[in-house]
Every structure is written in C-alpha cells, then in structure tokens.
Amino acid sequence: MSTTTRLTVAQALVRFLSVQYTERDGVRHRLIAGTWGIFGHGNVAGIGQALLEAGEDAMPFHQGRNEQAMVHAAVGHARQVNRLSAQAVTTSIGPGATNLVTGAALATINRLPVLLLPGDYFATRAADPLLQQLEHPTEADVSVNDTLRPVSRFFDRIHRPEALIPSALLAMRVLSDPAETGAVTLALPQDVQAEAYDWPEEFFAERVWRVRRPAPDPVELAEAVRAIRAAHRPVIVAGGGVHHSEAEEALKALVDATGIPVTSTQAGKGSLRHDHPADLGGIGHTGTAVADDLARTADLVIGVGTRYSDFTTASGTLFQNPDVRFLNLNITAFDAHKLAARTVVCDARAGLEALASGLAGHRVDASYEAEYATGKERWEQIVARAYEAADENAVPTQTQLLGALDAVVGDEDVVINAAGSLPGDLHKLWRARSPRQYHLEYGYSCMGYEIPAAIGVQQATPDTPVWALVGDGTYLMMPTELVTAVQEGLPINLVLVQNHGYASIGGLSESVGGERFGTAYRYRAADGTFSGAPLPVDLAANAASLGMDVLRAKTVRELREALAAARASERPTCVYVETDPANPAAPPTEAWWDVPVAQTASREAAVAARTEYDRRTAARRTHL
C-alpha cells in the first residue's frame, strides 16, 4: 500500500516541480529552475506560503516588479539554455493574471517554455464575487484567466486537489516537448491552493523528461537528398530551431561539405559565425543584399527550424524564381508543411547529420560559390562603412553605436533586442560570433522584453556579459526590472538610445503615407500636432534613480569608452547615448514588407504610398 503525505495543493505543486528534470544527450537540467512572483490575495497564502516553506534550495524565488516582465525574464532564461529548462511565474488574480497575457503570447509564438501559475476565483464559490473577480452573466465558470487560453499550449483550471496530479504531469510533458512547447497555464483557485490533501508519495518521485531527437523518416530523407542534388541554386534559411537543437556544428559540417550558402532569420542568426564563407547574414525585409539576391534566384529553399514569418518571405515577394521549390526540416509538421514544401519532420541536428551523410560527395557548382562569395565581400564593405566613424567627436549614428559595441564584446557576450529600429540594423549588420550571442525576440517583437530577458539570460549563465539594447520608447514601457537586477546584483548592461520617439514606426509611417503622425515624443505645437520641442525627459537620471550605475556618452569616442567600462563593471550599468536621428546611416531595406496602405485618401503622401503599394503587391506569389 502506497504511503501518502498531507500537504496543501500549493505545497504539493511546489514540491512536485522541484523534482522535475529534462535530459538530452545524457545531460540533465532542472525543468523548473525557479519561480518568479508578485503576491496578492490570490496567491500569497497559497503559492507564496508554499514557496516560503519549500525554501530556496527546493525552489529558488525571484521577486519581480511587473507580471509581464517576469514572463519575459523566464523566456530569456529558457532561450539561453535551448529550452531545456524553464521558470514558473505566479501571480494573484485580476490584473496580475491578465498582465501575463502578452508574455504568454510571446513565449508561445517563439516556441519557448514558461509555466504560468495565476490565482483564480474560489472553486467553492464561498466568496462570490471576490475582489478583482470578473463576473460573467451567462458563464459563471469564466474568469480573466481564460484570456490565457488562446496564448497557452496547455491550459487547465485546478478545481479539486486530486485534479492537480494528471494536470501537472501533462503540463511537464508540454513544457519539455520541443514540438509542443510554449506557455503552459495552471489556473489555481485561491481556496484550492490552500486546501490540504493526502498525496501519494509517488507524485513526488524524481522524474526525468527526455527531450527527444526524432530522426528523419527514410522516405522523406531520400526525397530531400534527391531534391538537393538536383538543385543548381540551393539556399538554406536557418531559423531558431537550429539553436534550440544545438545543431550549429551539424549545419557547419553540411555547409563545409556541400558549399550550400546559409541565410538566417532573426531567431537563427549566429547559426554560422559571421566570418564563415557561406554565411550570408539575415534574409528577408531586414536581410542583407547578398542573401536577398540569392533568395530571389534560388531554385531550392531549405528551411531549417524556421516558421517563415512575413519578414523572412518579404510578405511572399522574395522567392521569385519561377521554378523555386521548398524543402523544410522542422521538428513540427505544422511548420514543415509551410509554402507547400517537401518535408523532413525531425530534430534539426538529427536531420542535418542525415542530410550530410546522404549528400556525401555532392557540392554546388564552383561558379555559384564564387558568386555568393563576391556578394558577401561587397556586403562586408557596407557593414564596415556603417560602423565607421570619420569624426570621433561627433554624435554617433545608430549604426556607429553597433560598431562601437562590436569592438567591445567578446564571443561569449549576449546582445538582446526585440523592437524598434534596432532589430533591422542588427539583422543586417551585426557580426554574430557564437550561437548564443545574437538574442533577438522577433516572433512577437515585444517592446519591454529586453531588460527582463537580460535578467533571465544572466540567471541562466551567470558569467556571461549580457547587453540589453533599448530605445527610449521601449524603455518608457518597462524599465521596472532594473530594480530586480540591482536587488539581485546581476551585472546586466543596458544600452539606452535616446531618439525622442518611436523611430522605427516613424519611418514606417512615413513610407506608408502616415507622415510620422503620433510617433515623436514632443510637445504639442500650436496646430495641435506633436511637432514642438523634444520633451525634457532625462532617462539616464531615471535609470540612476532605480539603482543603476549610469555612464553618459555624447560622442563616438565617449561611447566606446563607456561601453568598455560597462563591460568591465561588476554592477548593473546603463550606457546612455543620444544618437543622430538625421543621419541613421543604415543601409536601405533589400526586400519589401506588406503594411496595407489606405486605398482612398485625400493627402498626397498616402496617395503616393498607395501607388507604390499596388506596384509591390503585384510581385506577391502563392507557392503551391
């Protein structure tokens, strides 16, 4: 007869989570490495008490300032460790729970694991309605937590103690499965959290969730090998799946043997070192000239671990060869079948190794290699010019900022960004030196991700120099976790770029006839528009008030010195710089992106933009 232990539901859940592990290639990781939390009446006496009772050794606790930011930190942690470990996030009911939605969407869209534990209404309805409860007139079992259903890969509400056992096991399965993973939500009614139950000891036995490397189907593999051998102008699109699978060396071995060039999505950049002869950099709307030129003429596009967002495909206008076909290697059939592709549904590393074996002796034509080598060399000259500063005493451009950072970082550094004008410049220009260095969240492109993600990365790899690159728009949305970095003594580096508004959307607005309406941070002018003087905000002073060391840089020389000092510091440090908005110095976009333009308008800018839009949409293709 099995023995039991009497614990509350919250205590049982924390104890269960503390003994869950993943294992891949013989290496074991804690599946739930820690729990982030902000406490309110919906979780303080349940999960809060359970975490206190469990202690830091059983379940490390991290204090957050914003619920969305806590999810971002957990996602940054999970990405840094290739999805082999996750963190949990606990909140109260009401606004604490709904603040999770944006972070959950980001996690699920990017296929990254995070466990969400929001409080919920009383299951017994003993108190009904309670503080912050949503009352629905026709569905009494609806709560605000139901907003998490569409953005979660698994969702359950635990109405009774014994229901936790199957639900917790299902949650761990989803979190640890690379083909299923994303946000997982266990909504916890606050009375159930505190309810005691006699739990079977087997529930608390150590469990190891093995992360599979499924091999390719032999028939799919044979067809893929034939397709590649028959192609004259193949090109690889490396996505985030290359990193998640730790397939970088397998990709390099395949490319070294075959000469097939590699382009990368935002998530896949760094799959090859920037100086590898076959690495052509980013692809798509923010891609390099050489990558996009090859994509237009490719007869076979080999997607590895990519989900083909509209930035990658240039909204369906990039792959223009009339005979182009697609071959997709992906661990999920959902992504593998995109663009009517031949599919190889498998782990990225296993698939690339199998392809390399099947392609033994095969190599692309030497003239093709020479062509893309020449294009790569031309692009490197463009990067060098964008990074270069003729006047060391001038106000730096944004691309010169990237050049200064490039000169300071080491191969082991991690550079984090998500939104604004920086992702485009980074995708085109950044010289990624290692698989983990380039950390762009562009599945959701969520303003506010960078600072908490830097904390998550720093927690996952404490000896790694971490850089969060943010503009003033992103900073004003979510600077709160700087307090967490200071509290925890995490020496993250914040590069805070002041350009007085939403620079990226301002440029987009201008290109689609929006005339930069509502995108500048300025006083109202006499005509009612935001076109007056820049607002006199001092973001550097704000960062300092939150406990950061702050270094101000006004020139290119000062910027280089400040970045070097920040990297050498053992404290959280902010480098504040105002860039020259009149001289962005970034290369133009090499491919289109579809943002629909007003079909009828009276303003000249919108009319002209619609004419250009109609011209561009004519190039869109449906690949069948």
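As shown above, the structure is provided for reference.
This report concerns the structure included in the present document. Because the structure is predicted, anything quoted here is derived from the model rather than measured. (Residues numbered from 1 in each chain as written. Predicted model: local features only at pLDDT ≥ 70, side-chain atom pairs only at ≥ 80, totals over all residues. Heavy atoms only, no water.)

## Overview of the side chain of Thr306
On the secondary structure map, Thr306 appears in the loop between strand 15 (300-304) and helix 12 (310-313). A polar side-chain atom of Thr306 sits 3.2 Å from the main-chain amide nitrogen of Tyr308. Excluding residues that lie within four positions of it along the chain, Thr306 makes contacts with Val237, Gly239, Thr265, Asn330 and Asp335. (Helix = DSSP H or I, 4+ residues; strand = E, 2+ residues; numbered from the N terminus. Polar contact = N/O pair within 3.5 Å; in protein donor to acceptor, adjacent residues only side chain to side chain. Contact = heavy atoms within 4.5 Å.)

## Focus on the side chain of Gln458
For Gln458, the location among the structural elements is in helix 18 (residues 450-460). Residue class for Gln458 comes out buried when judged on its relative accessible area of 2%. Every residue in contact with Gln458, bar those within four places of it in the chain, is listed here: Thr464, Val466, Leu490, Pro491 and Ile492. (Buried < 20%, exposed > 50% of the residue type's maximum accessible area, 1.4 Å probe, protein only.)

## Some remarks on the sheet that holds strand 2 (residues 20-24)
Reading across from one edge, 3-2-11 is the order of the 3 strands in this open sheet, with mixed pairing throughout. Two strands in the sheet have a free side with no partner beyond their single neighbour: strand 3 (27-30) and strand 11 (207-210). Ignoring strand direction, the axes of neighbouring strands in this sheet form an average angle of 35 degrees. Where strand 2 and strand 11 come together, 4 bridges link them in parallel fashion. In the strand pairing of strand 11, Glu23 is matched with Arg210. Lying over the sheet, helix 6 (residues 164-176) contacts strand 2 and strand 11, oriented at roughly 40 degrees with respect to strand 11. (Pairing = 2+ DSSP bridges. Axes fitted to C-alpha atoms, helices over the stretch in contact; angles between N-to-C directions.)

## Quick look at the layout of surface pockets
The calculated volume of the second largest pocket comes to roughly 160 Å³. Thr108, Ile109, Arg111, Arg153, Pro178, Ala179, Glu180, Thr181, Thr332, Phe334 and Asp335 together form the lining of the second largest pocket. Those elements that provide at least two residues to the lining of the second largest pocket are helix 5 (100-109) and helix 13 (333-336). (1 Å grid on protein atoms, 1.4 Å probe; cavity = no way out; pocket = protein on both sides within 12 Å on 5 of 7 lines; lining within 4 Å. Points joined across faces, edges and corners; volume = space filled by probe spheres on them.)

## Quick word on the pairing of strand 21 (residues 493-498)
Burial analysis of strand 21 places 6 of its 6 residues in the buried class, the great majority of the element. Side chains Asn493, Val495 and Val497 project from strand 21 onto one buried face, and the interleaved Leu494, Leu496 and Gln498 project onto a second face that is buried too. One ladder, built from 5 bridges, connects strand 20 (residues 466-471) with strand 21; its direction is parallel. Bridging across to strand 21, Ala468 finds its partner in Leu494. In terms of strand pairing, strand 21 meets strand 23 (residues 573-578) through 6 bridges, oriented parallel. By the bridge assignment for strand 23, Leu494 is matched with Cys574.

## Observations concerning empty space enclosed by the protein
Summed over the entire model, instances satisfying the criterion amount to 4 cavities of 30 Å³ or more. Approximately 620 Å³ is the volume attributed to the largest cavity. Around the largest cavity, the lining comprises 45 residues; the ones closest to its centre are Asn110, Gly240, Gly241, His244 and Gly305. Classifying every residue of the lining of the largest cavity by side-chain character gives 16 nonpolar, 20 polar and 9 charged. The computed volume of the second largest cavity comes to approximately 120 Å³. Counting residues per element, the ones that place at least two in the lining of the second largest cavity are strand 14 (279-282), helix 15 (366-387) and helix 17 (422-429). Top element by residues in the lining of the second largest cavity is helix 15. It accounts for 4 residues. (Nonpolar A, V, L, I, M, F, W, Y, C, P; charged D, E, K, R; others polar.)

## Describing helix 8 (residues 218-230)
The end-to-end C-alpha distance of helix 8 is 18 Å, a good match for the 18 Å that 13 residues give at a rise of 1.5 Å each. By the burial criterion, the buried members of helix 8 are Glu220, Leu221, Ala224, Val225, Ala227 and Ile228. Buried residues of helix 8, seen end-on, are gathered within an arc of 165 degrees and therefore sit on one face of the element. Away from its buried face by more than 90 degrees, helix 8 exposes Pro218, Val219, Arg226 and Ala230. Each element contacted by the buried residues of helix 8 is listed here: strand 15, strand 16 (325-330), strand 17 (342-345) and helix 14 (348-358). If you check the start of helix 8, you find a side-chain oxygen 3.0 Å away from the backbone N of Val219, and it comes from Asp217. (Expected span 1.5 Å × (residues − 1). Arc of directions from axis to C-beta.)

## Quick word on the pattern of salt bridges
Summed over all chains, the structure comprises 38 salt bridges. A salt bridge links Arg213 to Asp25, with the nearest nitrogen and oxygen atoms 2.8 Å apart. Of the two residues, Arg213 is situated in the loop between strand 11 and helix 8 and Asp25 in the loop between strand 2 and strand 3; the sequence distance between them amounts to 188 residues. The residue Glu371 makes a salt bridge to Arg233 at a minimum N-O spacing of 2.8 Å. Of the two residues, Glu371 sits in helix 15 while Arg233 sits in the loop between helix 8 and strand 12 (234-238), which places them 138 residues apart along the sequence. One continuous salt-bridge network, built from bridges that share partners, spans Glu23, Arg28, Glu206 and Arg210. (Salt bridge = Lys/Arg side-chain N within 4 Å of Asp/Glu carboxyl O.)

## Remarks on the environment of Thr138
Relative to the assigned elements, Thr138 resides in the loop between strand 7 (114-120) and strand 8 (154-157). What makes Thr138 exposed here is its relative accessible area of 65%. Separated by 48 residues in sequence, Thr138 and Leu186 have C-alpha atoms that sit 23 Å apart.

## Digging into the sheet that holds strand 14
Sheet strands line up and pair through hydrogen bonds in the backbone, either parallel or antiparallel. Spatially, 14-13-12-15-16-17 is the arrangement adopted by the 6 strands of the open sheet, whose pairing is parallel. Two strands in the sheet have a free side with no partner beyond their single neighbour: strand 14 and strand 17. Sheet twist, expressed as the average angle between the axes of neighbouring strands with direction ignored, equals 20 degrees. In the sheet, strand 12 pairs with strand 13 (residues 262-264) via 3 bridges, with the strands oriented parallel. Opposite Val237, over in strand 13, you have Thr263 as the bridge partner. The strands touched by helix 10 (residues 248-258) are strand 12 and strand 13; relative to strand 12, the strand with the most contacts, the crossing angle is about 170 degrees. Its contacts with the sheet put helix 14 on strand 15 and strand 16, and the angle it makes with strand 16 is roughly 125 degrees.

## A look at unusual backbone geometry
Between Asp128 and the following residue, Pro129, the backbone shows a cis peptide bond with an omega angle of 0 degrees. Inspection of the secondary structure puts Pro129 in the loop between strand 7 and strand 8. Positive phi is not limited to glycine here, since Arg125 has a value of about 60 degrees. By the secondary structure assignment, Arg125 is in the loop between strand 7 and strand 8. Of note in this structure, Ala340 is not a glycine but carries a positive phi near 55 degrees. Position of Ala340 relative to the elements: it lies in the loop between helix 13 and strand 17.

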